[in-house]
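The lines below spell out each chain.
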Amino acid sequence: MSALRRYEILLPRRFNDGTAVPEELLADTATELREQFGAMSWETQIIRGEWEHEGVIFRDELLRIVVDAPPTPEAQRFFVAFKESLKARFQQIEMWITWFDIGTV
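Let me begin by describing the structure that accompanies this report.

This paragraph deals with the packing of helix α1 (residues 23–37) against helix α2 (residues 73–89). Running from amino to carboxyl end, α1 crosses α2 at an angle of 165 degrees, the nearest separation of the two axes being 13 Å. Comparing the axis directions of α1 and α2 gives the class roughly antiparallel. In this structure, the crossing between α1 and α2 has a hand that is right-handed. Taken together, the residues of α2 that come into contact with α1 (itself represented by L25, T29, E32, L33, Q36 and F37) are A75, F78, F79, F82, L86 and R89. Its residues assigned to classes, the contact of α1 with α2 shows eight nonpolar, two polar and two charged.

If you walk across this open sheet you meet the four strands as β2-β3-β1-β4, and the pairing is antiparallel. Strands with a single pairing partner mark the edges of an open sheet, and in this sheet they are β2 (41–53) and β4 (96–104). Across this sheet, the average inter-strand angle for adjacent strands is 30 degrees, counted without regard to direction. Where strand β1 (residues 2–12) lies against β4, nine bridges are found, and the strand directions are antiparallel. If you follow R5 over to β4, its bridge partner there is D101. Running over the sheet, α1 touches β1, β2 and β3 (56–69) and is turned about 30 degrees from β3. Against the sheet, α2 contacts β1, β3 and β4, and its axis sits at roughly 5 degrees relative to β1.

On to the pattern of salt bridges, then. Side-chain pairs of opposite charge can arise whenever the charged atoms involved come near each other. A complete count under the given rule lists 12 salt bridges for this structure. Ionic contacts of the salt-bridge type, sharing partners, join the residues E8, E43 and R64 into one network.

Looking now at the nonpolar core. Of all hydrophobic cores here, the largest spans 20 residues; its most connected members are I9, L11, L33, F37 and F79. Counting residues per element, the ones that place at least two in this core are β1, α1, β3 and α2. With five residues, α2 is the single largest residue contributor to this core.

Calculation notes
Here the residue numbers are simple positions, counted from 1 along each chain's written sequence. Where local features are concerned, this predicted model is filtered to residues with pLDDT of at least 70; where side-chain atom pairs are given and counted, the filter is 80 or more; whole-chain, interface and lining totals use all residues. The side-chain quantities take in all heavy atoms of the structure and omit both hydrogens and water. Fitted lines through C-alpha atoms give the axes, limited to the stretch in contact for helices. The angle between two N-to-C directions lies from 0 to 180 degrees. The numbering of helices and of strands both runs from the N terminus, where a helix is a DSSP run of H or I of at least 4 residues and a strand a run of E of at least 2. Angles below 35 degrees are treated as roughly parallel, those above 145 as roughly antiparallel, those between 65 and 115 as roughly perpendicular, and all remaining angles as oblique. Put simply, a crossing is left-handed when the front helix is turned counterclockwise from the back one by less than a right angle, and right-handed when it is turned clockwise. Two residues form a contact once any of their heavy atoms are found within 4.5 Å. Each residue receives one of three labels: charged for Asp, Glu, Lys and Arg, nonpolar for Ala, Val, Leu, Ile, Met, Phe, Trp, Tyr, Cys and Pro, and polar for the others, Gly being one of them. Each pair of strands is called paired provided DSSP finds at least two bridges between the two strands. Should a side-chain nitrogen of Lys or Arg be within 4 Å of a carboxyl oxygen of Asp or Glu, the pair is scored as a salt bridge. Remark: nonpolar core denotes a set of buried residues (Ala, Val, Leu, Ile, Met, Phe, Trp, Tyr, Cys) joined through side-chain atoms within 4.5 Å. Residue burial is assigned from relative accessible area. The probe radius is 1.4 Å, only protein chains are included, and a residue is buried under 20% of its type maximum, exposed over 50%, and partly exposed in between.

Right under this line is the structure:
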């Protein structure tokens, strides 16, 4: 049995101004995670979300990307820094990255 930490990132299909995110930007992000951790998965179904920031309601179309990584401080630090990188890359006010511990057999 192996203990891992699963990170889930919601990647936007549209920038906050409503224009489409280029597929290459999504693919480059997936490649970066695969190169860092050896594997990643992503779902192509659209996840819809709504959120409010300073009185403005944003409607998102998102994809979920999943990375199973060792539950180490180094991996945690990577994702904290990666979030800031993603905010700039995707021109977002906020990015959502969650994690939870998993076990594999």
